[in-house]
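Summary of the model geometry
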There are 2 protein chains.
Amino acid sequence: MDTVTSALLTDLYELTMLEAARDAGTASRRCVFEVFTRSLPAGRRYGVLAGTGRVLDAIADFRFDDADLRYLASTGALREDTLDHLAQYEFTGDVFGYQEGELFFPNSPVLRIEGTFENAVLLETVVLSILNHDSGVASVGSRMVTAARGRPLIEMGGRRVHEDAAIAAARAAYLVGFASTSNLAAGAHYRIPAAGTSAHAFTLLFDSEEDAFRAQLTAQGAGTTVLVDTYDVESAVRTAVEIAGPGLGAVRLDSGDLAAQAGRVRELLDSLGATSTRITATGDLDEYRVEELKGEPLDGYGIGTRLVTGGGHPAPGFVYKLVEREGADGQMHPVSKRSLDKATLGAGKAAYRMVVGGQARAELVLPGEAEVAEFERELTAELISGTSNPDWARTSLRPLQVPLIEAGEDIAPKRAPARLEAARERHAASLAELGLAADDGPDGEIAIPTLTDGAEAARVLR
Amino acid sequence: MDTVTSALLTDLYELTMLEAARDAGTASRRCVFEVFTRSLPAGRRYGVLAGTGRVLDAIADFRFDDADLRYLASTGALREDTLDHLAQYEFTGDVFGYQEGELFFPNSPVLRIEGTFENAVLLETVVLSILNHDSGVASVGSRMVTAARGRPLIEMGGRRVHEDAAIAAARAAYLVGFASTSNLAAGAHYRIPAAGTSAHAFTLLFDSEEDAFRAQLTAQGAGTTVLVDTYDVESAVRTAVEIAGPGLGAVRLDSGDLAAQAGRVRELLDSLGATSTRITATGDLDEYRVEELKGEPLDGYGIGTRLVTGGGHPAPGFVYKLVEREGADGQMHPVSKRSLDKATLGAGKAAYRMVVGGQARAELVLPGEAEVAEFERELTAELISGTSNPDWARTSLRPLQVPLIEAGEDIAPKRAPARLEAARERHAASLAELGLAADDGPDGEIAIPTLTDGAEAARVLR
């Protein structure tokens, strides 16, 4: 796929709309597009925004090259003058958004793109592809990390998803706190620690399990992880400790009743003097299974399929909607569709997390300056009256949107690994602010309400 | 991601296993790996193999370049001499497999890779990534095509999945009979017809819906598809026909109760003289919803999320297992693990589809020469006895495995679009052979049994 530019990662209709708008003289109208989702999947307390760093790179690279233009010409869907225009395309607008790693809730405006219609509309498909995919993985991965209660998690799902999606999935997993990945491309591109030792095929390659373990331990040292469920777990554990000695790094269980086996293997290892040998578990794990295993003597997990496929919810349903645009009068106007079940709220929005004593209480999504002003009036009135809840004094409003691109330029360009580390830190801080406990279990109500009315937001604290 | 070679789309443990096997002298043992899945998701009658063409390209490109090797050295996981060996890597073995587009069932050996351990083991991750992803999309897409009963389907899910997965998903959708895609990269790379006209943002950009329709119809001609649910469907349909005349190509419904609206819109169009204007529907459709809509006057569907995310089953669970390898005695030996719930059947397998009078009856997966011979003996005995079922005479055994790579060389290299067209034809023929009717509904039992015993297979026809 090396011949594909990010500009072709786009739906045809973006280009036909551009052509029609150019003919009609509306292509240069200033527009505000917002990315948000209408709801969270049942049981999810929060979503995790991931992919913003990749979006910034995709926007910077968004150009139609000669091969792209030749292909577009061959479709017959666009006129020559439109193709000439596309040849000059680069994004010149502004982008604001939540920091990567930040949490989101229904209607959180995680990204805002401002520019002319013809300049901003083209980005829709690639922006949504990236944010939907990466956030889908991050949103379930964060739950897995919480369920693991500090035990390290290895991402190992690459073989269950598209080969390039695998790299982005490993990135999203690391962002939410996974310790490492099995995926070498993710290791190379994002400097995520790579992990992995051996598979069943390795044991089967040898004439005996003992030969296989001896070969692995010789090559990789006693600190390696030995896979013990190819034939008989107990006998494999005995063989491994016999060869490696009590310094054996870890044994891996990949099948059967993990809960029952963990205890037996721990006892066996201890009885053999291998008291510091760790036990790791893999095999169709997800946050629910990890939660069930919390009392077992397991020291780490490898998670694949359920992580990289988003745990049943592969995309958060992010949409890219026009919320405000210049009219014939030259003024900006909020716009919204009235489609059944899919109505949108017009106007560009300001977003804050209301935090009381370090704990997140509400997502404020205020459409337009008027609502922000109303909120500030109410807040001031409460403070002046002196009768307000003592919480007021401990309240802060954390602005969620930061400038990302200004006049087409990335404001703080960073190398991919540095962006990822920053996002990992942001995620940890925002999750801590939410104050959820692992003991609450994976599922629950949405953690904080999304408030779109300034006066209502002020009342929350009363 | 342009710096990533297919060789890095690999799990670290493939390389550590290779190093350990080289030290132990087993790396050059001849091996047979097979790709198969243990089961189909509940309700699925069959799976569709997709991605084989992409696998062949990935194998041909599988090389470690200097940047890859520098990264691998930086991990400290591999020794210098191993890296030197990897620098020379290219696949030199043989690959056999089901033709792309072919159906598969539990334990169908859809791909067989033969080579030395060190040569064949490295391909596991990228082979599985591609086959799992593409087959996941194709398997649900085929059901959608059946449910649509000849009405054309547009793939439009790119925005819901990783940007590169989107291209492969469009390819898989076309393979199973989708008419077109919204994805330009898929159009460019695979010559899939690209489709699409306008979004809600286009209507909202204008001061009135009438202005928007006029602009679109002027630019794209009366044959275009107009989106009519931004404000009020009835008034939008009237406006569009008024501007375009009765030659309006199509109207698109994207929200609300599609069944109720379809009839009303058809009546309205007919009353306005637009009797040949088509109605297309989009919006969270899948095979079940399309099935429910079968009686409505809808002329085509656009399908996104549920298609590209595999309809709740994103990967068929393909695994890449060592089933046979050379032993210390220089002979080949079947091998299998005994892990609980995950036991494998040793030996390379021959696979045939038993077809009676043009209709598929069973999947024969015969492990080893002995089972194939047993089956042939039984078959011959039945024919000689003259007492056999008359079906015998109408029975054929269609070999499912064809040679794909010989000594590292692609046997019939083709350009990507040609491979895709061949797979589309194979799929249509194999699905016809299965003889399922659209009226059976999307879900059901597995269509044909997988038989692994030669004598049992012969008895099926009695």
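Residues numbered from 1 in each chain as written. Chains lettered and ligands numbered in written order. Predicted model: local features only at pLDDT ≥ 70, side-chain atom pairs only at ≥ 80, totals over all residues. Heavy atoms only, no water.

With an unreviewed UniProt entry as reference, chain A is termed Nicotinate phosphoribosyltransferase, source organism Brachybacterium paraconglomeratum. The UniProt entry for chain A carries the following comment under Function (unreviewed entry): "Catalyzes the first step in the biosynthesis of NAD from nicotinic acid, the ATP-dependent synthesis of beta-nicotinate D-ribonucleotide from nicotinate and 5-phospho-D-ribose 1-phosphate." The UniProt entry for chain A carries the following comment under Pathway (unreviewed entry): "Cofactor biosynthesis; NAD(+) biosynthesis; nicotinate D-ribonucleotide from nicotinate: step 1/1." (UniProt positions renumbered as here; feature names shortened; annotations may be inferred.)

With that settled, the discussion passes to the packing of aromatic side chains. This structure, assessed with the given rule, holds 14 aromatic pairs over all chains. With a centroid separation of 5.5 Å and 70° between ring planes, the pair formed by Phe62(B) and Tyr89(B) is classed as edge-to-face. With Phe62(B) in the loop between α2 (52-60) and α3 (66-75) and Tyr89(B) in the loop between α4 (80-87) and β3 (94-98), the pair connects residues that are 27 residues apart, well separated along the chain. Comparing Phe62(B) with Tyr89(B), the two get one shared label, buried. Grouping aromatic residues by their ring pairs yields a cluster made of Phe33(A), Phe117(A) and Tyr320(A). A cation sits over an aromatic face here: Arg112(A) above Phe96(A), 4.6 Å from the ring centre. In this arrangement the basic side chain of Arg424(B) is found over the ring face of Tyr174(B), its NZ or CZ atom lying 3.9 Å from the centre. (Phe/Tyr/Trp six-rings, centres within 6.5 Å; stacked < 30°, edge-to-face > 60°. Helix = DSSP H or I, 4+ residues; strand = E, 2+ residues; numbered from the N terminus. Buried < 20%, exposed > 50% of the residue type's maximum accessible area, 1.4 Å probe, protein only. Lys NZ or Arg CZ within 6 Å of the ring centre and 35° of its normal.)

All names here are of chain B. Of the pairings in the sheet, the one linking β3 to strand β5 (residues 111-116) comprises 4 bridges and is antiparallel in character. Residue pairing across strands places Asp94 opposite Glu114, the latter belonging to β5. Pairing geometry for β3 and strand β17 (residues 401-406), over 4 bridges, is antiparallel. Bridging across to β17, Tyr98 finds its partner in Gln401. (Pairing = 2+ DSSP bridges.)

Here we come to the UniProt feature "domain: Nicotinate phosphoribosyltransferase N-terminal" (unreviewed entry) in chain A. The UniProt feature table records "domain: Nicotinate phosphoribosyltransferase N-terminal" (unreviewed entry) at residues 8-132 of chain A. Within the segment residues 8-132 of chain A, helix and strand shares are 42% and 18% respectively, and the terminal C-alpha atoms sit 18 Å apart.

Another point: the interface of chain A and chain B. Taken together, the contacts link 99 residues of chain A with 99 residues of chain B. Carbon and sulfur atoms make up 60% of the area that chain A and chain B hide from each other, which totals about 8,200 Å². Considering only the surface of chain A that becomes buried against chain B, Arg159(A), Leu184(A) and Leu205(A) emerge as the three largest contributors, covering 11% of it. Between the two partners, chain A and chain B, sit 12 salt bridges. Seen at the junction of chain A and chain B, the total is 44 residue pairs in polar contact (both at pLDDT 80 or more). Ranked by residues supplied to the side of chain A that touches chain B, first place goes to helix α1 (residues 12-24) of chain A with 11 residues. When the residues that make up the side of chain A that touches chain B are grouped by side-chain class, the tally is 47 nonpolar, 30 polar and 22 charged. (Contact = heavy atoms within 4.5 Å. Buried area = accessible area lost by both parts, 1.4 Å probe. Salt bridge = Lys/Arg side-chain N within 4 Å of Asp/Glu carboxyl O. Polar contact = N/O pair within 3.5 Å; in protein donor to acceptor, adjacent residues only side chain to side chain. Nonpolar A, V, L, I, M, F, W, Y, C, P; charged D, E, K, R; others polar.)

This part is about the sheet that holds strand β13 (residues 332-334) of chain A. All names here are of chain A. With antiparallel pairing, 7 strands are arranged side by side in an open sheet as β13-β12-β1-β5-β3-β17-β18. Each edge of the sheet is formed by a strand with only one pairing partner; in this case those strands are β13 and β18 (409-410). Inspection of the sheet shows strand β12 (residues 319-326) paired to β13 by 3 bridges, in the antiparallel sense. Note that in β13 the partner of Glu324 across the bridge is Pro334. Where helix α2 (residues 52-60) meets the sheet, it contacts β3 (94-98), β5 (111-116), β17 (401-406) and β18, and its direction lies at approximately 20° from that of β17. (Axes fitted to C-alpha atoms, helices over the stretch in contact; angles between N-to-C directions.)

Let us look at the relation of the copies chain A and chain B. In the superposition of chain A on chain B (RMSD 0.0 Å, axial shift 0.0 Å), the rotation amounts to 180°. Read as a symmetry element, the transformation amounts to a two-fold axis. In this assembly, 100% of the residues forming the interface of chain A have copies in chain B that are likewise at the interface, indicating an isologous arrangement. (Least-squares fit on C-alpha atoms with pLDDT ≥ 70 in both.)

The subject of this paragraph is the packing of α2(B) against helix α6 (residues 124-148) of chain B. Residue and element names in this part refer to chain B. Relative to each other, α2 and α6 sit at 160°, their axes nearing to 9 Å. Overall, the two elements α2 and α6 adopt an arrangement that is roughly antiparallel. At the point where α2 passes α6, the crossing takes the right-handed sense. Together, Thr52, Arg54, Val55, Ala58 and Ile59 of α2 and Val126, Val127, Ile130, Leu131 and Asp134 of α6 make up the contact between the two elements. (Parallel < 35°, antiparallel > 145°, perpendicular 65-115°, else oblique. Left-handed = near helix turned anticlockwise from the far one by under 90°.)

Right, let's talk about the pattern of salt bridges for a bit. Inspection of the entire model under this criterion finds 71 salt bridges over all chains. Residues Arg63(A) and Glu90(A) are paired through a salt bridge, measuring 3.3 Å at the closest nitrogen-oxygen approach. Residue Arg63(A) is located in the loop between α2 and α3 (66-75), and its partner Glu90(A) is located in the loop between α4 (80-87) and β3; the two are separated by 27 residues in the primary sequence. Given the relative accessible area of 36%, Arg63(A) is considered partly exposed. Looking at Glu90(A), the relative accessible area reads 41%, which means it is partly exposed. Ionic pairing is found between Arg159(B) and Glu124(A), a salt bridge with its closest N-O pair at 2.9 Å. Remark: Glu124(A) occurs in helix α6 (residues 124-148) and Arg159(B) occurs in the loop between β6 (153-155) and α7 (163-175); the pair is interchain, linking two chains. The same class applies to Arg159(B) and to Glu124(A), which are both buried.

The next subject is the sheet that holds strand β1 (residues 30-36) of chain B. Residues and elements named next belong to chain B. What the 7 strands build is an open sheet, ordered β13-β12-β1-β5-β3-β17-β18; its pairing is antiparallel. The open sheet has two edge strands, β13 (332-334) and β18 (409-410), and neither has a second partner. The strands touched by α6 are β1, β5 and β12 (319-326); relative to β12, the strand with the most contacts, the crossing angle is about 140°.

On to the side chain of Ser182(B). As for its position among the elements, Ser182(B) is in the loop between β7 (180-181) and α8 (184-190). Here Ser182(B) falls in the buried class, since its relative accessible area comes to 6%. Within polar-contact distance, the side chain of Ser182(B) engages the side chain of Asp11(A) at 2.5 Å. Ignoring any residue separated from it by four or fewer positions in sequence, one finds Ser182(B) in contact with Thr10(A), Asp11(A), Leu12(A), Ile154(B), Glu155(B), Met156(B) and Ala195(B).

The next thing to look at is the domain arrangement of chain A. The extent of an interface is frequently quoted as the accessible surface area lost upon association of the parts. You can read the domains of chain A as domain 1 (6-136 + 313-459) and domain 2 (197-289). The centre of domain 1 of chain A, based on its C-alpha atoms, is set 47 Å off from the matching centre of domain 2 of chain A. (Domains from an automatic or database assignment.)

It is worth spelling out helix α10 (residues 209-220) of chain B at this point. With 12 residues, α10(B) extends 16 Å from end C-alpha to end C-alpha; this agrees with the ideal 16 Å at 1.5 Å per step. Residues Glu209(B), Ala212(B), Phe213(B), Ala215(B), Gln216(B), Leu217(B) and Ala219(B) constitute the buried set of α10(B). Where α10(B) is buried, its residues contact α1 of chain A together with α9 (200-205), β8 (225-227) and α11 (233-244) of chain B. Residue Gly221(B) follows α10(B) closely and has a positive phi angle near 85°. (Expected span 1.5 Å × (residues − 1).)

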